[in-house]
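Listed below are the residues making up each chain.
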Amino acid sequence: MPAGTLDAIAAKVGAGRRLDRDDGIRLYEEADLAGIRRLADEAAERKNGKTVTYVVNRHINYSNLCILSCFFCAFSKKRGEAGAYELSLDEIRERAREAAAAGATEIHLVGGLHPDLPYEYYPELLRMLSREFPGLALKAFTAVELDHFARLRGVPVAEVIRELREAGLAFVPGGGAEVLSDRVWKKLFRGKIPPRRWLEIHREIHRAGLRSNATLLFGHIETVEEKVDHLLRIRALQDETGGFVSFIPLRFHPQNTVLAHLPLAGRDAVLREIAVARLLLDNVRHVKAYWVMTGLETARLALTGGADDLDGTVVEERITHMAGAETPEHLTEAEIRDLIRGEGKIPRRR
Ligand code: SF4
């Protein structure tokens, strides 16, 4: 790293000045990791003090049937293929009941783009869950699913968002952004909504008064410049709407995907993503260490390098585990609180 690069960036951050594209590229390519982790920790503490939040939640992946075949996906299956599944309404209800009994306050509900379920299924599912489990906030359906529903229904996505909100949708997860780059989109997930559409849908979500998260899937064919541009596009939309609550860097798990020849990004790469995100996204409140994808040890370290949220006591996560993740599928609340305290931070349930 050229002498003074990190100092210059530190001076900018300290003076409350916004980092630009060149700074972002330098943070990825030149700056020493320990240095940027320190800066990111300071930035995180300026926003959230020493508090690290988590949620007691349950993931329900209602079906892995999907009409698309994105190259990085190990989750989706075609009907009749080994491993294909779809949960019945009763099975979803049972999982929600277990979550409520275990003290959960949130359900994270996402799935593939189902080949034949009618649009009406989705608001009905939300209505059933919100009627029977009023204590569970429904975080559901990525922008990719919302786009699919709008096509099924034949109306603008804003209309679908309004209807789902009335049916109980409380929050929209950040998945489906992958890398907001037309090059990566064309190479890896062309059938799926393009970057501009992902941003447009999140703009509509925020306009409807709902809030959402944003993600970046890193560790495959993306370049540093593409990652920086991704972060800057999220930052620009956040300037406009203020609707993003958390940013979540997602580590790509190559196993069982078309890209199985690629190596899994290592611990330092994950920690760098978290730190750079914290420093560039000066207008997003939280940066999350999603331990299911990073592994527990890396998530623990991330808490002193820019992350201030640990996601939750996820139960039965399927998407990353079908791509070879070896992390546990469940952490208890006590384990999460101990882990946070161990890093000198203060755990707070959200
Ligand atoms: S990433 Fe999503 S849209 Fe793409 S194949 Fe997998 S489940 Fe379907």
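In this text the structure is predicted, and so the values were computed from the model without any measurement.

Conventions used here
Sequence order as written defines the numbering, with residues in each chain counted from 1. For this predicted model, a pLDDT threshold of at least 70 governs which residues receive local features, and a threshold of 80 or more governs which side-chain atom pairs are given and counted, while totals over whole chains, interfaces and linings are taken from all residues. To get the side-chain values, take all heavy atoms of the structure and skip hydrogens and water. In this text, near means that some heavy atom of the residue lies within 4 Å of the molecule or strand in question. By the convention adopted, Pro, Cys, Tyr, Trp, Phe, Met, Ile, Leu, Val and Ala count as nonpolar, Lys, Arg, Asp and Glu as charged, and the other residues, Gly among them, as polar. Only DSSP runs of H or I covering at least 4 residues are called helices, and only runs of E covering at least 2 are called strands; the numbering of each starts at the N terminus. Each helix should span, by expectation, one fewer than its residue count multiplied by 1.5 Å. Each residue is placed in one exposure class: buried if its accessible area under a 1.4 Å probe, protein chains only, is under 20% of its type's maximum, exposed if it is over 50%, and partly exposed if it falls in between. With axes taken as lines fitted to C-alpha atoms, and helix axes fitted only over the stretch in contact, angles between N-to-C directions fall between 0 and 180 degrees. What sets the label is the angle itself: under 35 degrees gives roughly parallel, over 145 gives roughly antiparallel, 65 to 115 gives roughly perpendicular, and the rest give oblique. In what follows, residue pairs with any heavy atoms lying within 4.5 Å of each other are defined as contacts. Aromatic rings from Phe, Tyr and Trp, with only the six-membered ring used for Trp, were paired whenever their centres fell within 6.5 Å, and each pair was classed as stacked if the ring planes differed by under 30 degrees, edge-to-face if by over 60, and tilted otherwise. Only when the NZ atom of a Lys or the CZ atom of an Arg is both within 6 Å of the ring centre and within 35 degrees of the ring normal do we say a charge sits over the ring. Patches here: salt-bridge-free residues with over 30% relative accessible area, like charges joined within 9 Å, nonpolar side chains (Val, Leu, Ile, Met, Phe, Trp, Tyr) joined within 5 Å. A 1.4 Å probe and the Shrake-Rupley method give the accessible areas. Residues count as covered only by the protein chains that appear here. The salt bridge definition used is simple: a Lys or Arg side-chain nitrogen within 4 Å of an Asp or Glu carboxyl oxygen. Within this scheme the basic residues Lys and Arg register as positive and the acidic residues Asp and Glu register as negative, but His and the chain ends are omitted. Where a charge lies is defined by one atom per residue type: Lys uses NZ, Arg uses CZ, Asp uses CG and Glu uses CD. With the far helix as reference, a near helix turned anticlockwise by less than a right angle produces a left-handed crossing, and one turned clockwise produces a right-handed crossing. DSSP calls a pair of strands paired once it identifies at least 2 bridges connecting them. Classification remark: right-handed applies to a crossover when, strands pointing away from the viewer, the course from the first strand over the helix to the second runs clockwise.

Chemist: In this structure, what is going on with the site of the ligand? I would like to understand it.
Modeler: In the region of the ligand, the neighbouring residues are Cys66, Leu68, Ser69, Cys70, Phe72, Cys73, Phe75, Ser76, Gly112 and Lys192. Among the residues forming the shell around the ligand, the class breakdown is six nonpolar, three polar and one charged.

Chemist: What's the story with helix α11 (residues 267–280) in this structure? I'm lost.
Modeler: Owing to its 3.6 residues per turn, the α-helix brings residues three or four apart onto one side. Taking 1.5 Å as the rise per residue, α11 with 14 residues should run 20 Å; its terminal C-alpha atoms sit 20 Å apart, in good agreement. Buried residues dominate α11, accounting for eleven of its 14 residues. Those residues of α11 that fall on the buried side of the exposure criterion are Val270, Leu271, Arg272, Glu273, Ile274, Ala275, Val276, Ala277, Arg278, Leu279 and Leu280.

Chemist: Please explain the packing of helix α6 (residues 143–153) against helix α9 (residues 195–207) as it appears in this structure.
Modeler: Between two packed helices, both the angle of their axes relative to each other and the distance between the axes serve to describe the pair. Contact geometry for α6 and α9: axes closest at 10 Å, N-to-C directions at 85 degrees. Judged by the angle between their axes, α6 and α9 are roughly perpendicular. Counting all contacts with α6, which are made through Ala143, Leu146 and Asp147, the residues of α9 involved are Arg197, Trp198, Ile201, His202 and Ile205.

Chemist: It is not clear to me how the packing of aromatic side chains should be interpreted in this structure. Could you clarify?
Modeler: One pair of aromatic rings is described through two measures. These are the centre distance and the angle between the planes. A full pass over the atoms with the stated rule returns nine aromatic pairs. Seen in terms of ring centroids, tyrosine 119 and phenylalanine 149 are 6.5 Å apart; in terms of plane orientation they differ by 65 degrees. Their pairing is edge-to-face. Residue tyrosine 119 is located in the loop between β3 (106–110) and α5 (121–132), and its partner phenylalanine 149 is located in helix α6; the two are separated by 30 residues in the primary sequence. Note that arginine 190 overlies the ring of tryptophan 185, its terminal NZ or CZ placed 5.3 Å from the centroid.

Chemist: What is the right way to look at a positive patch on the surface in this model?
Modeler: On the surface, a cluster of positive charge is made up of Arg46, Lys47, Arg285 and Arg348. Within the secondary structure, arginine 348 is located in strand β10 (residues 346–349). Owing to a relative accessible area of 45%, arginine 348 belongs among the partly exposed residues under this scheme.

Chemist: Explain the packing of helix α10 (residues 224–241) against α11 here, please?
Modeler: Here α10 crosses α11 at 40 degrees, and the two axes come no closer than 10 Å. By the angle between their axes, α10 is oblique relative to α11. Our pair here, α10 against α11, has a crossing hand that is right-handed. Contacts between α10 and α11 involve Lys227, Val228, Leu231 and Arg235 on the former and, on the latter, Glu273, Val276, Ala277 and Leu280. Tallied by class, the residues present in the contact of α10 with α11 amount to five nonpolar, no polar and three charged.

Chemist: I would appreciate a short explanation of unusual backbone geometry in the present structure.
Modeler: Note on backbone geometry: most residues besides glycine have negative phi, and most peptide bonds are trans. The phi dihedral of phenylalanine 141 falls on the positive side, at around 65 degrees, and the residue is not glycine. Locating phenylalanine 141 in the fold gives a position in the loop between β4 (137–140) and α6. Look at phenylalanine 141 and you get buried, because its relative accessible area is 0%. Despite not being glycine, asparagine 256 has its phi angle at roughly 65 degrees, a positive value. As for its position among the elements, asparagine 256 is in the loop between β7 (244–251) and α11. Asparagine 256 sits in the exposed class, given a relative accessible area of 52%.

Chemist: For this particular structure, what's the right way to read the sheet that holds strand β9 (residues 309–312)?
Modeler: Backbone-to-backbone hydrogen bonds pair the strands of a sheet. The strands run either parallel or antiparallel. As summarised here, the arrangement of the three strands in space is β9-β1-β10, forming an open sheet in which the pairing is parallel. Two strands lie at the open edges of the sheet, namely β9 and β10, each paired on one side alone. For this sheet, the mean inter-axis angle between neighbouring strands, taken without regard to orientation, is 25 degrees. Across four bridges, the pairing between strand β1 (residues 51–55) and β10 is parallel. Following the sheet pairing, threonine 53 is matched in β10 by arginine 348. Sheet contacts for helix α14 (residues 333–342): β1, β9 and β10; angle to β10, the most-contacted strand, approximately 145 degrees.

Chemist: Explain the pattern of salt bridges to me, please; I cannot follow it from the model alone.
Modeler: Pairing between side chains of opposite charge can happen when their charged atoms approach one another. Under the criterion given, the structure shown has 37 salt bridges. For glutamate 86, the salt bridge is made with arginine 79, and the minimal N-O distance between the two is 2.8 Å. Assessed through its relative accessible area of 36%, glutamate 86 is described here as partly exposed. On the accessibility criterion, arginine 79 (48% relative accessible area) is partly exposed. Residues joined by salt bridges that share partners form a network here, namely Lys12, Asp20, Asp23 and Arg26.

Chemist: Would you take a moment to explain the pairing of strand β2 (residues 57–61) for this structure?
Modeler: Consecutive side chains along a regular strand alternate between the two faces of the sheet. Among the five residues that make up β2, five are buried, leaving the element largely enclosed by the rest of the structure. As paired elements, β2 and β3 share five bridges and run parallel to each other. From the neighbouring strand, asparagine 57 faces β3, where its bridge partner is glutamate 106. Handedness of the β2-helix α4 (residues 89–101)-β3 crossover: right-handed.

That's the geometry; what it means functionally is another story.
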